[in-house]
Amino acid sequence: MKQISGGVTAAKGYKAGGVKAAIKSKKKNDLCLIVSECEAAAAGVYTLNRVKAAPIYVTMEHLEDGVAKAIIANSGNANAFAHNSHESVERMCELAAEHLGIIPEDVIVASTGVIGVPFDISKVEKVMPELVQSLSEDGSHEAAVAIMTTDTVSKEFAVEFNIGGKTVTMGGIAKGSGMIHPNMGTMLAFITTDCAITPELLHEALAETVKVTYNRVSVDGDTSTNDMCVIMANGMAENPLIEWKDDNYQVFLAALKEVNEHFAKAIARDGEGATKLVTCHVYNSRSDDSAERIAMEVIKSSLVKAAMFGSDANWGRVLCAMGYSKAPFRPEYVDIAFASAAGEIVVCKQGDGQNFDEDKAKAILSQNEVTIEINLNEGTHEATAWGCDLTYDYVRINGDYRS
């Protein structure tokens, strides 16, 4: 597998574009379109929040047949729980379909932004010709910028791999910075591939990889109304159709996990106000489930996150978070270490605090990527979760989000 450039348009047969529709402001792109040259197998995974925005319901309905040709998405307004939300979302699909010469049911739709604000669909109508005109095989970045809200950087990624002697490409764009917590977070991810795979296996692969990537990220403990990860596979790589869980499926699964894990980490790294990416790796656990529970509880602990911000090796907060995870483990067996590019330091061994060099620990925790290593010494299973530190800026950003 090789990382390549191109993002959501890296694979054969895809174009993307983005324009300024002034949905929230006139400062940046806020409306994007991604189009496949031919009909594609398609699948989606959505927020588990009981309160779901209109784009979720419309996309779920449109993907019942497992195919799609386009994705339209906006930032600046969540299209959620305003009097015209559902009507606006349906109209967005109709507008895209009219200008692309396809049917509305082949359009995936997504929104991100403020909840409860009426959507001015006339703004989309006005720029739709310009949006279609912007479509390009080099349009990934323009589309990626259009879905950003409080993100500080756009998120694009692509890989190339081999299936059945054919070069297959997969890429995508994503957004996410705050209101991030399983299942999933305030995040959107649009993945495209030229792989030939059945809609049924495409959905299974997506669900399996989301479980161990986006669902292991926590920035602030809030799960949004609009979260969505969708994938389109148009088959233009001309590889043998993947219709069984054979070796080719495993190669595809590994590539999809690579892409989604990259975006999951990018979202955690770009957490609102964050200064560092924090990874928690739990290993030698009794089960995968126990390891995941512990890793997630540690990564979402406000006290652990605050300690990471202060570069404070307060490992007691880690052990405390492990204790209320409800996962079975023996505290007297636990080893805890902090690691980064500056080195590694063991702070707890077999449940006992160690005499460690505080200055070295601070230097390790002062890096912009830090790992909390937890060895349970009880089994062979492991799990990794990602988060970020909790800073003063998080409160500032969310205190004036609507202004």
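Residues numbered from 1 in each chain as written. Predicted model: local features only at pLDDT ≥ 70, side-chain atom pairs only at ≥ 80, totals over all residues. Heavy atoms only, no water.

Draft legend 1. Here's a closer look at unusual backbone geometry. The phi torsion at N79 lies on the positive side, around 50°, for a residue other than glycine. Along the chain, N79 turns up in the loop between strand 4 (67–75) and helix 2 (85–100). Note on N79: relative accessible area 0%, which makes it buried. Phi at Q350 takes a positive value of approximately 50°, unusual for a residue other than glycine. (Helix = DSSP H or I, 4+ residues; strand = E, 2+ residues; numbered from the N terminus. Buried < 20%, exposed > 50% of the residue type's maximum accessible area, 1.4 Å probe, protein only.)

Draft legend 2. Seen up close, the sheet that holds strand 10 (residues 277–285). Across the sheet, 6 strands lie side by side as 13-12-11-14-10-15; this open sheet has mixed pairing. A strand with exactly one partner marks an edge of an open sheet, and here the two such strands are strand 13 (352–353) and strand 15 (381–388). Taken strand by strand, helix 6 (residues 247–269) contacts strand 10, strand 14 (369–375) and strand 15, and its axis lies near 40° from that of strand 15. Lying on the sheet, helix 10 (residues 358–365) is in contact with strand 11 (335–340), strand 12 (343–349) and strand 14; it crosses strand 12 at an angle near 120°. (Pairing = 2+ DSSP bridges. Contact = heavy atoms within 4.5 Å. Axes fitted to C-alpha atoms, helices over the stretch in contact; angles between N-to-C directions.)

Draft legend 3. Broad picture of the pattern of salt bridges. Tallied over the entire structure, the rule returns 14 salt bridges. Here E378 ties to R286 by a salt bridge, and the two come within 3.2 Å at their closest N and O atoms. With E378 in the loop between strand 14 and strand 15 and R286 in the loop between strand 10 and helix 7 (288–300), this pair connects stretches of sequence that are 92 residues apart. Judged by its relative accessible area of 38%, R286 falls in the partly exposed class. The partner of K300 in a salt bridge is E297, and the shortest N-O contact between them spans 3.5 Å. A residue pair is termed a helical-turn pair when its members lie 3 or 4 positions apart in one helix, as K300 and E297 do in helix 7 at 3 residues. Looking at K300, the relative accessible area reads 33%, which means it is partly exposed. (Salt bridge = Lys/Arg side-chain N within 4 Å of Asp/Glu carboxyl O.)

Draft legend 4. Fine view of the side chain of T198. Mapping T198 onto the fold places it in the loop between strand 8 (185–193) and helix 5 (199–211). In terms of polar contacts, T198 uses its side chain to reach the backbone amide nitrogen of L201, at 3.2 Å. The residues contacting T198, other than those within four sequence positions of it, are A41, L241, I242 and E243. (Polar contact = N/O pair within 3.5 Å; in protein donor to acceptor, adjacent residues only side chain to side chain.)

Draft legend 5. Expanded view of the nonpolar core. Membership of the largest hydrophobic core comes to 39 residues, with the highest contact counts inside it found for M170, I197, Y214 and F252. Elements supplying a minimum of two residues to this core: strand 3 (31–46), strand 6 (155–163), strand 7 (166–180), strand 8, helix 5, strand 9 (228–233) and helix 6. Per-element tally for this core: the top contributor is helix 6, with 10 residues. Within the second largest apolar cluster, 35 residues are counted, among which are V282, I294, V370 and I372. (Core = buried A, V, L, I, M, F, W, Y, C linked by side-chain atoms within 4.5 Å.)

Draft legend 6. Region of interest: the state of the cysteines. Throughout the structure, instances matching the rule amount to 0 disulfides. Free cysteine C32: the closest other cysteine sulfur is in C93, separated by 13 Å. Owing to a relative accessible area of 0%, C32 belongs among the buried residues under this scheme. A disulfide-free cysteine, C38 has its sulfur positioned 13 Å from the sulfur of C195, the nearest such atom. Here C38 falls in the partly exposed class, since its relative accessible area comes to 26%. (Disulfide = S-S within 2.5 Å.)

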